[in-house]
Amino acid sequence: MNESNGCDITKEKVNLETSQIAWKELQRFFANGSAVFVASGLDLVDVAYQFSIDNKDQVASWMQNNQVALVSDQQAIDWLEADAEVWAVVVKPWILVQE
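These numbers come from a predicted model, not from an experiment.

### Some details on the overall build of the protein
- In terms of regular secondary structure, the protein is built from 5 helices and 5 strands.
- Going residue by residue from the N terminus, the α and β elements of the protein occur as α-β-α-β-α-α-β-α-β-β.
- Relative to its length of 99 residues, the protein is compact, with a C-alpha radius of gyration of 14 Å against a globular reference of 13 Å.
- Dimensions of the protein, computed from the C-alpha atoms along their principal axes, are close to 45 × 30 × 25 Å.
- Looking at the protein residue by residue over its 99 residues, the buried ones come to 36%.
- Of all intrachain contacts in the protein linking residues separated by at least 6 positions in sequence, the fraction that spans at least 24 positions is 77%.
- When the accessible area of the protein is evaluated, it comes to approximately 6200 Å², of which 49% is carbon and sulfur surface.
- Each charge sign in the protein was given a centre, from 6 positive and 15 negative side chains, and these centres are 8 Å apart.

### Side note on the pairing of strand 2 (residues 35-38)
- Neither face of strand 2 is left uncovered, since the one carrying Ala35 and Phe37 and the one carrying Val36 and Val38 both have all their residues buried.
- Two strands pair when backbone bridges link them, and strand 2 and strand 5 (residues 94-98) are joined in this way by 3 bridges, in the parallel orientation. When the bridges of strand 5 are listed, Phe37 appears paired with Val97.

### Looking at the sheet that holds strand 3 (residues 68-70)
- Pairing is mixed in the open sheet, where 5 strands are placed in the order 1-4-5-2-3. Two strands in the sheet have a free side with no partner beyond their single neighbour: strand 1 (19-22) and strand 3. Put simply, the sheet's adjacent strands are angled 40° from each other on average, direction ignored.
- Packing of helix 3 (residues 44-52) onto the sheet brings it into contact with strand 2, strand 3, strand 4 (85-91) and strand 5, and relative to strand 4 it is tilted by some 25°.

### Considering the nonpolar core
- Judged by nonpolar contacts, the single largest core of 15 residues is most densely connected at Val47, Phe51, Val68 and Leu96.
- Put simply, the parts of the chain that give this core at least two residues each are strand 2, helix 3, helix 4 (56-64) and strand 4.
- Ranked by residues supplied to this core, first place goes to helix 3 with 5 residues.
- What Phe51 contacts, discounting residues up to four positions off in sequence, is Val36, Val59, Val68, Val91, Trp94 and Leu96.
- Listed in part, the 14 residues of the second largest apolar core include Ala39, Ala76, Val86 and Val97.

The rules behind each value
- Residues numbered from 1 in each chain as written.
- Predicted model: local features only at pLDDT ≥ 70, side-chain atom pairs only at ≥ 80, totals over all residues.
- Heavy atoms only, no water.
- Helix = DSSP H or I, 4+ residues; strand = E, 2+ residues; numbered from the N terminus.
- Rg over C-alpha atoms; globule rule 2.2 N^0.38 Å.
- Buried < 20%, exposed > 50% of the residue type's maximum accessible area, 1.4 Å probe, protein only.
- Contact = heavy atoms within 4.5 Å.
- Areas by Shrake-Rupley, 256 points an atom, 1.4 Å probe, with all protein chains shown as cover.
- Lys, Arg positive; Asp, Glu negative; His and termini not counted.
- Charge placed at Lys NZ, Arg CZ, Asp CG, Glu CD.
- Pairing = 2+ DSSP bridges.
- Axes fitted to C-alpha atoms, helices over the stretch in contact; angles between N-to-C directions.
- Core = buried A, V, L, I, M, F, W, Y, C linked by side-chain atoms within 4.5 Å.

Take a look at the structure:
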């Protein structure tokens, strides 16, 4: 198997693990600081993949551009009040969420 196929298989696995979920179901992850916001301009599956392979440079770049960050208190309140559903995927120890 070449590296490209391995990457595609891993991304496909991540894609299968994404789902829509009510934000209120993720409150405990927010409370313990493990809920990570992913900006809508990014591909959630690609971000999760980069987290899974520990690509620190790419993640740091997204963080510097405010495209990836811990879910803020205001985001959590807004989503809770709106009874919002978010896309989510687990990349232990993180829960990546996207509107």
